[in-house]
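Now for the letters of each chain:
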Amino acid sequence: MPADLHVHTTASDGTESPERVVRLAHALGLDAVGITDHDTVCGVAPAQEAARSLDLEVVPGIEINTDYQGREIHILGYYIDPGDAAFRARIRELAGARARRVERIVDRLRSLGLAVTMDDVLRVIGGASPGRPHVAATLVRLGIVGDRQEAFDRLIGRGCPGYVPREKFSPVEAISLIRRAGGVPVLAHPATAEADHLIPELVQAGLAGLEVYHPEHGAAQVVHYREVAAKFRLLATGGSDFHGYAIHAHLGEVVVPTEVVAALKLQART
Ligand SMILES: [Zn+2]
Ligand SMILES: [Zn+2]
């Protein structure tokens with residue numbers, strides 16, 4: 001039976017709350033859903049609470065955004081010990097860095113003469129982990145751009161006048177952080193990361209899995225990454241990378257057998 005191990009909620013840049021994601025996953029007949037918000041685990045506890053009375057397992061996770069030579073590399077972490085002090089401290093630092101980045105983006109947009117304030121963006125962010133999608137949504141709401149894509153293409157994407165690079169955090173650092181907190185690090189959507197040459201170094205650092213199945217991976221890429229996973233003895237994971245119904249793939253569109261969940265649990269703390 002299926003498990004969707006890559007799902008975002010309103011705790012980061014998803015449009016559906018953790019509770020609603022759980023209800024939707026249950027209605028779809030999924031056995032397990034992985035809550036993997038960007039740089040935060042705040043969606044995990046509410047999801048677990050919502051799933052308590054349902055026949056659905058919530059796999060606790062996170063997706064840490066890192067950089068490698070100007071490229072964005074995402075590292076998923078499953079079954080991290082939520083009480084690990086070092087992990088919590090580092091995640092708090094990352095949250096601070098995300099907030100500072102959004103503030104700097106808003107400053108830039110204002111210096112371009114656009115009528116957007118940090119208060120406007122904060123209203124969109126709510127209690128979530130702040131990021132560029134919130135700025136994009138604010139610009140849409142204010143009528144400055146027609147849609148989110150235009151915000152990225154014209155204003156806040158890499159190379160645009162409102163672009164601010166994120167503070168550097170390396171994939172190796174993210175992997176060791178997850179490992180030290182008892183979790184299982186997995187390289188997310190390796191095809192979009194174009195990170196094949198990095199994989200041996202990440203395996204050395206403690207990488208345990210590869211996200212072989214992802215909406216952005218074509219059939220040939222799935223075959224390729226299955227081979228890479230086998231070669232380095234990595235778990236082959238997968239998920240929809242669901243962010244909401246208007247954005248990218250649907251919940252449950254990409255799934256893996258629940259045996260993968262059992263394998264992740266075995267890897268945790270070992
Ligand atoms: Zn990602
Ligand atoms: Zn994601």
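If you're wondering where the values come from, they're calculated on a predicted model, not measured in any experiment.

A.B. asks: Would you explain the pairing of strand β6 (residues 209-213) in this entry?
C.D. replies: Within β6, five of the five residues are buried, leaving the element largely enclosed by the surrounding structure. The sheet contact formed by strand β5 (residues 184-187) and β6 spans two bridges and is parallel. Of the residues in β6, the one forming a bridge with L187 is L210. Taken together, the four bridges between β6 and strand β7 (residues 235-238) define a ladder with parallel strand orientation. Bridge pairing in β7 places L210 opposite A236.

A.B. asks: Honestly, the domain arrangement of the chain in this entry has me stumped. Any pointers?
C.D. replies: In many reports, interface size means the accessible area that the parts give up when they come together. One can read the domain layout of the chain as domain 1 (2-84 + 168-267) and domain 2 (91-156). A C-alpha centroid distance of 25 Å is found between domain 1 and domain 2. Every contact between the two is made by nine residues of domain 1 and, on the other side, 10 residues of domain 2. Tallied by class, the residues present in the side of domain 1 that touches domain 2 amount to two nonpolar, four polar and three charged.

A.B. asks: What exactly am I supposed to notice about unusual backbone geometry here?
C.D. replies: Backbone geometry follows two general trends: most residues other than glycine have a negative phi, and most peptide bonds adopt the trans configuration. The residue D39 is not glycine, and still its phi comes out positive at about 55°. Relative to the elements of secondary structure, D39 occurs in the loop between β2 (32-35) and α2 (44-51). We note that R233 has phi near 55°; this positive angle belongs to a residue other than glycine. Mapped onto the elements, R233 comes out in the loop between α10 (219-231) and β7. What makes R233 exposed here is the crowd of 8 C-beta atoms within 10 Å.

A.B. asks: For this particular structure, what's the right way to read the sheet that holds strand β1 (residues 2-7)?
C.D. replies: The strands that make up a sheet pair up through hydrogen bonds in the backbone, lying either parallel or antiparallel. Within the open sheet, the eight strands sit side by side as β7-β6-β5-β4-β3-β2-β1-β8. Their pairing is mixed. Each edge of the open sheet carries a strand with a single partner, namely β7 and β8 (256-257). On top of the sheet, α2 reaches β2 and β3 (57-68); it is set at about 160° to β3, its chief contact. Lying on the sheet, helix α7 (residues 171-180) is in contact with β3, β4 (71-78) and β5; it crosses β4 at an angle near 5°.

A.B. asks: What is the right way to look at α7 in this model?
C.D. replies: Turning to α7, its buried residues are P171, V172, A174, I175, L177 and I178. Buried residues along α7 sit against β3, β4, α3 (85-111), β5 and α9 (199-205). Downstream of α7 by one or two residues, G182 has phi in the positive range, about 80°.

A.B. asks: Explain the pairing of β3 to me, please; I cannot follow it from the model alone.
C.D. replies: Residues in a regular strand point their side chains to alternate faces of the sheet. Where β2 meets β3, four bridges bridge the pair, whose relative direction is parallel. Looking across to β3, one finds that V33 is bridged to V58. As judged from the eight bridges shared by β3 and β4, these two strands associate in the antiparallel manner. Paired with I64 across the two strands is I75, which belongs to β4. Hairpin geometry of β3 and β4 is characterised by an intervening segment of two residues between the two adjacent antiparallel strands and by a positive phi of about 50° at Q69.

A.B. asks: I keep staring at the packing of helix α4 (residues 118-125) against helix α5 (residues 132-141) and nothing clicks. Help me out?
C.D. replies: When two helices pack together, their arrangement is captured by the angle between the axes and the distance separating the axes. One can describe the packing of α4 onto α5 by two numbers: an axis separation of 9 Å at closest approach and a directional angle of 110°. Judged by the angle between their axes, α4 and α5 are roughly perpendicular. In the crossing of α4 with α5, the sense of the turn from one axis to the other is right-handed. In this structure, α4 contributes D120, V121, V124 and I125 to the contact, and α5 contributes H134, V135, A137, T138 and R141.

A.B. asks: Just checking my understanding: could you explain helix α11 (residues 259-267) for this structure?
C.D. replies: Think of an α-helix as turning once every 3.6 residues; residues three or four places apart then point the same way. What α11 keeps buried is the set V260, V261 and L264. Buried residues of α11, viewed axially, fall in a sector of 105°; they line one side. In α11, the exposed positions angled more than 90 degrees off the buried face are occupied by E259, A262 and L266.

A.B. asks: What is the right way to read the packing of α3 against α5 from this model?
C.D. replies: With their axes 10 Å apart at the nearest point, α3 and α5 run at an angle of 35° to one another. α3 and α5 meet at a crossing whose hand is right-handed. For the pair formed by α3 and α5, the contact residues are V102, I105 and V106 on the first element and R132, H134 and V135 on the second. Along the lines of polarity and charge, the residues of the contact of α3 with α5 split into four nonpolar, one polar and one charged.

Rules used in this analysis
- Residues numbered from 1 in each chain as written.
- Chains lettered and ligands numbered in written order.
- Predicted model: local features only at pLDDT ≥ 70, side-chain atom pairs only at ≥ 80, totals over all residues.
- Buried ≥ 20, exposed ≤ 12 C-beta atoms within 10 Å, placed from the backbone.
- Helix = DSSP H or I, 4+ residues; strand = E, 2+ residues; numbered from the N terminus.
- Pairing = 2+ DSSP bridges.
- Domains from an automatic or database assignment.
- Contact = placed C-beta atoms within 7 Å.
- Nonpolar A, V, L, I, M, F, W, Y, C, P; charged D, E, K, R; others polar.
- Axes fitted to C-alpha atoms, helices over the stretch in contact; angles between N-to-C directions.
- Parallel < 35°, antiparallel > 145°, perpendicular 65-115°, else oblique.
- Left-handed = near helix turned anticlockwise from the far one by under 90°.
- Arc of directions from axis to C-beta.

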